[in-house]
Amino acid sequence: MDQVDGATLGGVSATALWTLRNRAVHAAGPDPWLIDPWAVTLYESIRYDWDRFGSPSPSHALRATAVDTEIRRYLAERPGATVVALGEGLQTTLWRVDPPKARWLAVDLAAVMELRAQLLPGDERVTPLALSATDRAWFDAVGDPEAGVFLCAEGLFMYLDEADVVALIAECAERFPGGRLLFDSIPPWFSRRTMRGFALSDRFTAPPMPTGLTPARIRRELGALPGVARVEGIEMPLGRGVWGSRTLRAVGSIPPLPQLAPSMHLLTFAER
């Protein structure tokens, strides 16, 4: 099989390879809960030193499962909505969800979009946009917000400056009434650790993640932004082994532990 060179991605863009590897290894395993054949195909089509990312983790497969659930829930209400994948990376969410009527905007930097174009099939539902997620030019590609807008920032906001994250959310709430925004966040202590250098192996150090937000801050501050009608914490699905332990999940729900762990939230924007 001819392979493309994954080393064309550097910096934050290289983390698209990290999350792809974790999803693909899980999906190709003996008992996957995430069925993701395109992730496996991408993984096998890219030439890269995958061991740079250390041991595979099912965490990104769990996150992807939660993302799929929320997108399907919104599209059940608004099947003709536009899904905006901010910092799409090498996600294969479109083919897992496979919405028959929705439009899909894939937004990421040029190097990532070039790699996607080489490896993934064309699809009439998809509009690829080689832009930073903070470049408001993608707003105009959404079309009619009355049909619905679901914004997904999977593994993105922690890599942006906090002021940019807050400003982007505030503008999205104003621009896309009735829409939803799904994003995950890391706690401040982990953000500080990455700023000092978080090595996944002796050959790869994760890019700095300057933005760490606790669930309490998300509810208090992002929930108070004009146009944000509701904030929901999204619980990750249970996995296998230690990742499926209900006992550990119950212990992790005891304060203050939820404020010290990664989290995922769904913002609903007010109808106009």
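Further up the page is the structure itself.
Residues numbered from 1 in each chain as written. Predicted model: local features only at pLDDT ≥ 70, side-chain atom pairs only at ≥ 80, totals over all residues. Heavy atoms only, no water.

Here we come to the packing of aromatic side chains. A full pass over the atoms with the stated rule returns twelve aromatic pairs. Measuring from ring centre to ring centre gives 5.7 Å for Tyr74 and Phe150, while their planes differ by 50°; the resulting arrangement is tilted. Placement of the pair is Tyr74 in helix 3 (residues 59-77) and Phe150 in strand 6 (residues 149-153), with a sequence separation of 76 residues. In this structure, Tyr74 and Phe150 share a single accessibility class: buried. Judged by centre distance (4.5 Å) and plane angle (70°), the rings of Trp138 and Phe139 are edge-to-face. Take Trp138 and Phe139: they sit in the same class, and that class is buried. (Phe/Tyr/Trp six-rings, centres within 6.5 Å; stacked < 30°, edge-to-face > 60°. Helix = DSSP H or I, 4+ residues; strand = E, 2+ residues; numbered from the N terminus. Buried < 20%, exposed > 50% of the residue type's maximum accessible area, 1.4 Å probe, protein only.)

This paragraph deals with helix 7 (residues 188-196). All buried positions along helix 7 are accounted for by Phe190, Ser191 and Thr194. Viewed end-on, helix 7 has its buried residues packed into an arc of 105°, placing them on one side of the element. As for helix 7, its buried residues are in contact with strand 8 (198-201). (Arc of directions from axis to C-beta. Contact = heavy atoms within 4.5 Å.)

One open sheet accounts for seven strands, arranged 5-4-3-6-7-11-10; its pairing is mixed. Pairing within the sheet leaves two strands with one partner each, and these edge strands are strand 5 (126-130) and strand 10 (228-233). Averaged over all adjacent pairs, the angle separating strand axes in this sheet is 15°, with direction ignored. Note that strand 4 (residues 103-108) and strand 5 share five bridges and pair parallel. Residue Ala106 lies in a different strand from strand 5, and its bridge partner there is Pro128. Across the sheet, helix 6 (residues 162-175) lies against strand 6, strand 7 (180-185), strand 10 and strand 11 (263-269), angled at about 35° from strand 11, the strand it touches most. (Pairing = 2+ DSSP bridges. Axes fitted to C-alpha atoms, helices over the stretch in contact; angles between N-to-C directions.)

Right, let's get into a nonpolar patch on the surface. Residues Trp189, Val251, Ile254, Leu257 and Leu260 make up a contiguous nonpolar surface patch of about 440 Å² in total accessible area. On the secondary structure map, Trp189 appears in helix 7. For Trp189, a relative accessible area of 40% puts it in the partly exposed group. (Patch = residues over 30% accessible without salt bridge, like charges linked within 9 Å, V, L, I, M, F, W, Y side chains within 5 Å. Areas by Shrake-Rupley, 256 points an atom, 1.4 Å probe, with all protein chains shown as cover. Salt bridge = Lys/Arg side-chain N within 4 Å of Asp/Glu carboxyl O.)

Counted according to the given criterion, the structure contains two cavities of 30 Å³ or more. Its boundaries defined by the atoms lining it, the largest cavity holds a volume of some 80 Å³. Lining of the largest cavity is provided by Val67, Ile71, Val83, Ala85, Leu86, Gly87, Glu88, Gln91, Thr93, Trp104, Cys152 and Glu154. Those elements that provide at least two residues to the lining of the largest cavity are helix 3 and strand 3 (82-86). Empty space within the second largest cavity amounts to approximately 40 Å³. Lining the second largest cavity are Glu162, Val166, Leu213, Arg217, Ile218, Glu221 and Leu222. At the level of secondary structure, the elements contributing two or more residues to the lining of the second largest cavity comprise helix 6 and helix 8 (215-222). (1 Å grid on protein atoms, 1.4 Å probe; cavity = no way out; pocket = protein on both sides within 12 Å on 5 of 7 lines; lining within 4 Å. Points joined across faces, edges and corners; volume = space filled by probe spheres on them.)

Further remarks concern the layout of surface pockets. Unfilled space is identified by rolling a water-sized probe across the atoms. For the second largest pocket, the calculated volume is near 200 Å³. In terms of lining, the second largest pocket is formed by Trp95, Ala106, Met113, Arg116, Ala117, Leu120, Pro121, Gly122, Asp123, Val126 and Pro128. Only helix 5 (110-119) and strand 5 provide two or more residues apiece to the lining of the second largest pocket. If one sorts the elements of the lining of the second largest pocket by residue count, helix 5 sits on top with three residues. Tallied by class, residues from the lining of the second largest pocket come to eight nonpolar, one polar and two charged. (Nonpolar A, V, L, I, M, F, W, Y, C, P; charged D, E, K, R; others polar.)

Counting 32 residues, the largest nonpolar core has Val84, Trp138, Leu151, Phe157, Phe176, Leu181 and Phe269 as the members making the most contacts within it. Of all the elements in the fold, those that place two or more residues in this core are strand 3, strand 4, strand 6, helix 6, strand 7, helix 8, strand 10 and strand 11. Counting 28 residues, the second largest nonpolar core, distinct from the first, contains Trp18, Tyr48, Leu119 and Met209. (Core = buried A, V, L, I, M, F, W, Y, C linked by side-chain atoms within 4.5 Å.)

Enumeration according to the criterion identifies 23 salt bridges in this entry. With a closest N to O distance of 2.6 Å, Arg73 and Glu70 form a salt bridge. Here the residue Arg73 and the residue Glu70 both occupy positions in helix 3, the gap between them amounting to three residues, near one helical turn. Look at Arg73 and you get partly exposed, because its relative accessible area is 33%. One salt bridge connects Arg125 with Asp123, and the closest N-O pair in it is separated by 2.8 Å. A relative accessible area of 15% means that Arg125 is categorised as buried. Within this structure, Arg23, Asp36, Asp68 and Arg96 form a network of salt bridges that share partners.

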